[in-house]
Amino acid sequence: MRRISKLTRVAVGVASLALAATACGGTSSDNNDSGSDGGKDDLGLAIAYDIGGKGDQSFNDAAFAGLEKARDEFGYKTADIEPTEGETDADKEQRLASLAKQGYNPVIGVGFAYGPAMEAVAAKYPDTTFGIVDSVVEGDNVASLVFAEEQASYLAGVAAAKATETNTVGFVGGVDIPLIHKFEAGYKQGVQDTDPKVKVLSQYLTQTAEEGGFSSPDKGKAAAEGQIEKNADVVYQAAGLSGQGVIEAAAKAKVWAIGVDSDQYEQEALAAYKDYILTSALKDVGGAVYALAKSVEDGEPLTGVQTFDLKVDGVGLSESNPEFANIEGLQDAVNEAKEGIIDGSIKVNTE
């Protein structure tokens, strides 16, 4: 079974949290035969992936880890659905409606792009609990899960400032949108608060998701190579599947990469590059997916806006790479910054 991080285990144990998850679209399923051997009550969690799909070693795979945990614990059928290229909101609506009609509950969309579709479908299926990650959708049967990405990114910035030897670090964002601006803003602030002499190079791969900003490792690799040529020796990526290209470029140049969403040091698909993955800014998407499923299983579905931040271990910074503890002053600086964010003495920018 896919590894579930310490962050996930901690977050899902916080009973007071209300979580959410979301639905994308696609064509694959998990442990869902024809459904003919069971009634509606036999069907459990369904997730629909964001751009990049399963195997991105990041955002979507974190959601799948939550699905696996729910499936194994509750012993029911699940489905996980891939997105399709160039799909419309109408396609997303049809996908969400199909999952609800089949009897899956909850139905979770992984990504903000499913906001309009979920708002339309949730109203038509009031007995189904829906969840959406990284967006807010109004509805009595919708749980909106949002994260303090800027806080985890601030910690990543602190680590980058402590690790750099060239006083130049990079940021690669998948798509130029407000959500990814939060990652950039927190990272830049963390760098500058730690060492004002360090320069931050920033680049977005595309203006829209349809152009492949979250699903093109070649674009990520080219962007990272450009920043490395300009002397960046730490590059942080918030680019979904495209981030694999950033990590590859960093490893080949023997500089540091900082991963995102999942602990990318531990991802099998990135094992060849792991020695150069200093840390990852974590979002407990898997914990959110599991917690929403558990709330439905317990008969008390979570709804409304729920925010994951450092206070509840909903975001954080991985420490799997032994070098994280070996770089002088890095661990102490990160711990001090985390305490400051939690106690309110550090206010992290979101744009």
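Under an unreviewed UniProt entry, the name given to the protein is BMP family ABC transporter substrate-binding protein, and the source organism is Streptomyces broussonetiae. Its UniProt record, at the heading Subcellular location (unreviewed entry), says of the protein: "Cell membrane". What UniProt states about the protein under its Sequence similarities (unreviewed entry) heading is, verbatim, "Belongs to the BMP lipoprotein family."

This part takes up the overall build of the protein. Along the protein, the regular secondary structure elements total 11 helices and 12 strands. Pairs at least 24 apart in sequence give 73% of the contacts found in the protein among residues at least 6 apart. For the protein, the accessible area works out to roughly 14,000 Å², and carbon and sulfur atoms hold 44% of it.

Tracing the chain through its elements places Val175 in strand β6 (residues 168-175). For Val175, a relative accessible area of 1% puts it in the buried group. C-alpha separation for the pair Val175 and Gly212, spaced 37 residues apart in sequence, amounts to 8.4 Å. In this structure, Val175 is in contact with Ile180, Tyr204, Thr206, Gln207, Thr208, Ala209, Gly213 and Phe214, ignoring residues within four places of it in sequence.

Overall, the prediction assigns the protein a mean pLDDT of 88, with 88% of residues at 70 or greater. Here residues 1-40 scores under 50 on pLDDT; set against residues more than four positions off or in separate chains, the count is 133 contacts.

So, how was this worked out
Residues numbered from 1 in each chain as written. Predicted model: local features only at pLDDT ≥ 70, side-chain atom pairs only at ≥ 80, totals over all residues. Heavy atoms only, no water. UniProt positions renumbered as here; feature names shortened; annotations may be inferred. Helix = DSSP H or I, 4+ residues; strand = E, 2+ residues; numbered from the N terminus. Contact = heavy atoms within 4.5 Å. Areas by Shrake-Rupley, 256 points an atom, 1.4 Å probe, with all protein chains shown as cover. Buried < 20%, exposed > 50% of the residue type's maximum accessible area, 1.4 Å probe, protein only. pLDDT = per-residue confidence, 0-100.

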